[in-house]
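Descriptive structure summary
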Amino acid sequence: MRFDELDINEKLHICFKLNDKDFDFEQTIVNKINGFLLVEAIRVKEQIISFKDSNLKIEVIYYRENEKPICWYFKDIKSIRDKNGKTFYCFRGDLEGTSINRRNNFRVYIGLNADAQVGANKSVERVIVKDISNSGFAIIKKEQEENFENELVRVSFDDTKIGNHITLVGFVTRVKKLDNGTYAKNEYDKNIYPFGYSGRVN
């Protein structure tokens, strides 16, 4: 699959490891110009992350429901600014991606409803488990909230596809407001998962 087969507003995951930590950011394709795709740049504390000459192993992943994800591999990513001074990552549209095995993948799409307790003394609420990886999991809460980083999270749901009831426990490491709620990235509780999550999720 080529980059230029993707549409504007599609979501991509930019994944990389730095200082022994795994990072995964969901970013949006905002435009297609002259054979190039422009993707919103990652901002952390109002600072844009630059991948110029980074020499990192960067994976750009497109998740497809009920199909294997597509991955493009980079050592750096070029950035450009538009006339308003906004920064975007720039990708050549003719680059071919590689279909990857979900079992060995950085992240596995789930998309199931779940019961969650976000905060040790909070009541249970319904969330969507967006994805699971070896190092953590992501959920989407219906309410738009920001102030629950570092909170303990317990999530449980039935995966009818494989016939398992799954329970995950971790701590919120990143929060991002969405139009339809709040995205929360969570790392596993190392006391429960000292070597990461090893359950079957596909």
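These remarks concern the structure in this document.

The rules behind these values
Residues numbered from 1 in each chain as written. Predicted model: local features only at pLDDT ≥ 70, side-chain atom pairs only at ≥ 80, totals over all residues. Heavy atoms only, no water. Pairing = 2+ DSSP bridges. Helix = DSSP H or I, 4+ residues; strand = E, 2+ residues; numbered from the N terminus. Axes fitted to C-alpha atoms, helices over the stretch in contact; angles between N-to-C directions. Phe/Tyr/Trp six-rings, centres within 6.5 Å; stacked < 30°, edge-to-face > 60°. Buried < 20%, exposed > 50% of the residue type's maximum accessible area, 1.4 Å probe, protein only. Lys NZ or Arg CZ within 6 Å of the ring centre and 35° of its normal. Core = buried A, V, L, I, M, F, W, Y, C linked by side-chain atoms within 4.5 Å. Polar contact = N/O pair within 3.5 Å; in protein donor to acceptor, adjacent residues only side chain to side chain.

**Looking at the sheet that holds strand β16 (residues 181–188)**
Taken in spatial order, the 6 strands close into a barrel running β11-β12-β13-β16-β15-β14, and their pairing is antiparallel. Strand-to-strand twist across the sheet, computed as the mean angle between neighbouring axes with direction ignored, equals 45°. Both strand β15 (residues 164–178) and β16 contribute to a ladder of 8 bridges, which runs antiparallel. Residue K176 lies in a different strand from β16, and its bridge partner there is Y183.

**What to know about the environment of I100**
Among the secondary structure elements, I100 is positioned in the loop between β10 (98–99) and β11 (108–118). Each C-alpha atom of the pair I100 and K68 lies 6.0 Å from the other, and the pair is 32 residues apart in sequence.

**Focus: the packing of aromatic side chains**
All told, the structure shown has 10 aromatic pairs when counted by the stated rule. Ring geometry for F3 versus F74: centroids 6.5 Å apart, planes at 25°, classification stacked. With a gap of 71 residues between them, F3 in the segment before β1 (11–18) and F74 in strand β7 (residues 70–74) connect regions that are remote in the sequence. Summarising the burial analysis for this pair, F3 and F74 share the class buried. Ring centres of F16 and F51 lie 5.2 Å apart, and the angle between their planes is 80°; this geometry places the pair in the edge-to-face category. One end of the pair, F16, is in strand β1; the other, F51, is in the loop between β5 (47–48) and β6 (58–62), and 35 residues separate them in sequence. Considered together, F16 and F51 belong to a single accessibility category, that of buried residues. By way of ring pairs, the aromatic residues F16, F23, F25, F51 and Y89 are connected into one cluster. Sitting over the face of the ring of F148, K141 holds its NZ or CZ atom 5.3 Å from the ring centroid.

**Some thoughts on the nonpolar core**
If you look at the biggest cluster of nonpolar residues, it comprises 23 residues, and the most contacted ones within it are F3, F51, I58, V60, I77 and Y89. Contributions of two or more residues to this core are made by β1, β2 (21–33), β3 (36–40), β6, β7 and β9 (87–92). The next biggest cluster of nonpolar side chains, apart from the first, holds 20 residues, and it includes V127, I139, F148 and Y188.

**Looking at the side chain of D24**
Among the secondary structure elements, D24 is positioned in strand β2. Side chain to side chain, D24 and H13 meet in a polar contact 3.1 Å long.

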